[in-house]
Amino acid sequence: MGSHEEIVMDILSRLPVKSLLRFKCVSKFWNKLISEPYFKRMHLNVHTNNHNSPKKLLISQVISLPTYYIRSSAIGDRRVYRLSKTIFNFYSFSLSNSGPQLVKDIRKLDSLSSFKPRSGCVYCCCDGLCFIGIWRERDNTQHPSISLLWNPSTGESIKLPTQYPESSPDKYLYGLGYDSTSDDYKIIRIDAFDGVCDYGLPDEILAIKSASWKKTSQCAGGPCGILARISELYLAFVEGAFHWESGHVYPSCVVTFNISNETYGNMSLPVRPYSNTSEETGVSAVGGRLCYHHDDGINFNLWVMKDYGMKESWTKWFSIPNHMKCYITPIYRFSNDEVLLSCLYEKADYEFVYKTANGSSNLMWPQHSNDIMHPKTIMDGFVYTESLISPRLDAL
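Residues numbered from 1 in each chain as written. Predicted model: local features only at pLDDT ≥ 70, side-chain atom pairs only at ≥ 80, totals over all residues. Heavy atoms only, no water.

What to know about the sheet that holds strand S19 (residues 289-295)
Then, number 1: Spatial ordering of the open sheet is given by S18-S19-S20-S21, a layout of 4 strands whose pairing is antiparallel. The open sheet has two edge strands with one neighbour each: strand S18 (280-286) and strand S21 (314-321). Going across the sheet, the axis of each strand differs from the next one's by a mean of 20°, ignoring polarity.
Then, number 2: Bridge analysis of strand S20 (residues 299-305) against S21 gives 7 bridges, and the strand direction is antiparallel. Paired with Met 305 across the strands is Trp 314, a residue of S21. (Pairing = 2+ DSSP bridges. Helix = DSSP H or I, 4+ residues; strand = E, 2+ residues; numbered from the N terminus. Axes fitted to C-alpha atoms, helices over the stretch in contact; angles between N-to-C directions.)

Regarding the environment of Thr 162
Then, number 1: For Thr 162, the position within the fold is in the loop between strand S9 (157-159) and strand S10 (172-179).
Then, number 2: Given a relative accessible area of 45%, Thr 162 falls into the partly exposed group.
Then, number 3: Along the primary structure Thr 162 and Pro 144 are separated by 18 residues, whereas in three dimensions their C-alpha atoms are 8.9 Å apart. (Buried < 20%, exposed > 50% of the residue type's maximum accessible area, 1.4 Å probe, protein only.)

Some points on the pattern of salt bridges
Then, number 1: With the rule as written, the count across this model stands at 8 salt bridges.
Then, number 2: Glu 262 is the salt-bridge partner of Lys 214, the closest N and O atoms lying 3.1 Å from each other. Linking Lys 214 in strand S13 (residues 212-215) with Glu 262 in the loop between strand S16 (253-258) and strand S17 (264-268), this pair joins segments that are 48 residues apart in sequence.
Then, number 3: Look at Lys 214 and you get partly exposed, because its relative accessible area is 43%.
Then, number 4: Overlapping salt bridges, with partners in common, bring together Asp 179, Lys 186, Lys 214 and Glu 262 in one network. (Salt bridge = Lys/Arg side-chain N within 4 Å of Asp/Glu carboxyl O.)

Re unusual backbone geometry
Then, number 1: For Ala 211, which is not glycine, the phi dihedral falls at a positive 55°.
Then, number 2: Among the residues examined, Ala 211 registers a relative accessible area of 35% and is labelled partly exposed.
Then, number 3: In the Ramachandran plot, Glu 262 falls in the positive-phi region, its phi being about 55° despite a non-glycine side chain.

Given below as structure tokens:
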């Protein structure tokens, strides 16, 4: 039998975030215990490894309202002004049969009290933290007005330093990961459309504790430039490294970037009986394992690396029909081996739809949400584990 404090920690670590935030008021001891970085990490590990713990699908939604016109009320002014407005929200869906629940209004976040958001997007998530970009109503810029590291479960956020490249933000992919060596979170930004590395920009890394961006010595893994895809959402983070598919070597491989020593490497892709250059392929992280998918125009095929780093351990998970022009990315594995797929339909003006599939079923997700959002209004979606991890520099 452990000490009283160990028993209390074990019990509290199994509770949801919402309850723990309430229980901080029980006593000074509980408040201190729940606020400890060690307990926050322990709580995260318990809920990450437990398939029965609540998992959430975070979706950003932008609704463009009909344009309307007003006539000036000023004497002698006969001009007519064209006005348009958008509504922006984050929604959090429980990965169960329950309906969607609205996440706390983003305008109430600490760093956003001075303006209303016009639009926003989620770049990547890790350990319950989300790297997001927000555009002000009055700003008409390509890059976000503000970038945040946000915990949607606690509502905490910090403003991140803005150092945007001159080119379009659509050219870049991001990844967020935890560096256990330095006990820090790091964000990597990669030029996803850099066809010739010698003429491209180096990759850039932001360490949250240092609060500054720095360039790496190479761009997208040296000569193994990233293979850009319209369906790519983020850089896969597995076993302390970011992963992406190379696009400028033959045969293609997976480029790795170790988050601790910031070095590049590579590993082989699964051997397939045939392939063609028109296939849609990509790398993702599902259930803590590295996955590779390819679409031959008829079927969507998903592979999983069962033993990390071992080429021989690539195993085909499942294959499902994909007759429509749909860009598919796997984003989550349920306890019954169902896989949540992010589906972007090109012929439907890029509608986002989420489906579950393991080769035998094909269910729409989230359920009971048609009255809240239309697929055309969904911008992106990420699965996250509710956690107490604080994005604040003094509380990591």
